[in-house]
Amino acid sequence: MPGGLGMGSLLLIVFVALLIFGPSKLPQLGKAAGNTLREFKNATKGLADDDDSKEKKEETK
C-alpha cells in the first residue's frame, strides 16, 4: 500500500505515544482525538448541506 500507513507503522506510533504520554494519558488523548474528528465531520457536513441548499435555491429560480 504505497503512501499509506502499514501495521508496523501504526504499532510504532502507538509505542512512541506510550513512551511519551504514558498509559494513563492515552485514553484521554483518544477521547480528545475522537471529539475533534466528530466536530470536523459535523462542520464539513454542514458545509456540504449549505452547498446543497444553495443549489436547490438556484434551481427553483
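Everything that follows concerns the structure shown earlier in this document.
### Side note on the overall build of the protein chain
Right, so step 1: The helix and strand tally for the protein chain stands at two helices and zero strands.
Right, so step 2: Here the protein chain holds 61 residues, and the buried ones make up 3% of them.
Right, so step 3: In the structure as shown, the protein chain presents an accessible area of about 5,600 Å², 65% of it carried by carbon and sulfur atoms.

### Some remarks on a nonpolar patch on the surface
Right, so step 1: On the surface, a nonpolar cluster with roughly 700 Å² of combined accessible area is contributed by L12, F15, V16, L19, I20, F21 and L29.
Right, so step 2: For the nonpolar patch, the element with the most residues is helix α1 (residues 7-21), which contributes six residues.
Right, so step 3: Structurally, F21 can be placed in helix α1.

The rules behind the values
- Residues numbered from 1 in each chain as written.
- Predicted model: local features only at pLDDT ≥ 70, side-chain atom pairs only at ≥ 80, totals over all residues.
- Heavy atoms only, no water.
- Helix = DSSP H or I, 4+ residues; strand = E, 2+ residues; numbered from the N terminus.
- Buried < 20%, exposed > 50% of the residue type's maximum accessible area, 1.4 Å probe, protein only.
- Areas by Shrake-Rupley, 256 points an atom, 1.4 Å probe, with all protein chains shown as cover.
- Patch = residues over 30% accessible without salt bridge, like charges linked within 9 Å, V, L, I, M, F, W, Y side chains within 5 Å.
- Salt bridge = Lys/Arg side-chain N within 4 Å of Asp/Glu carboxyl O.

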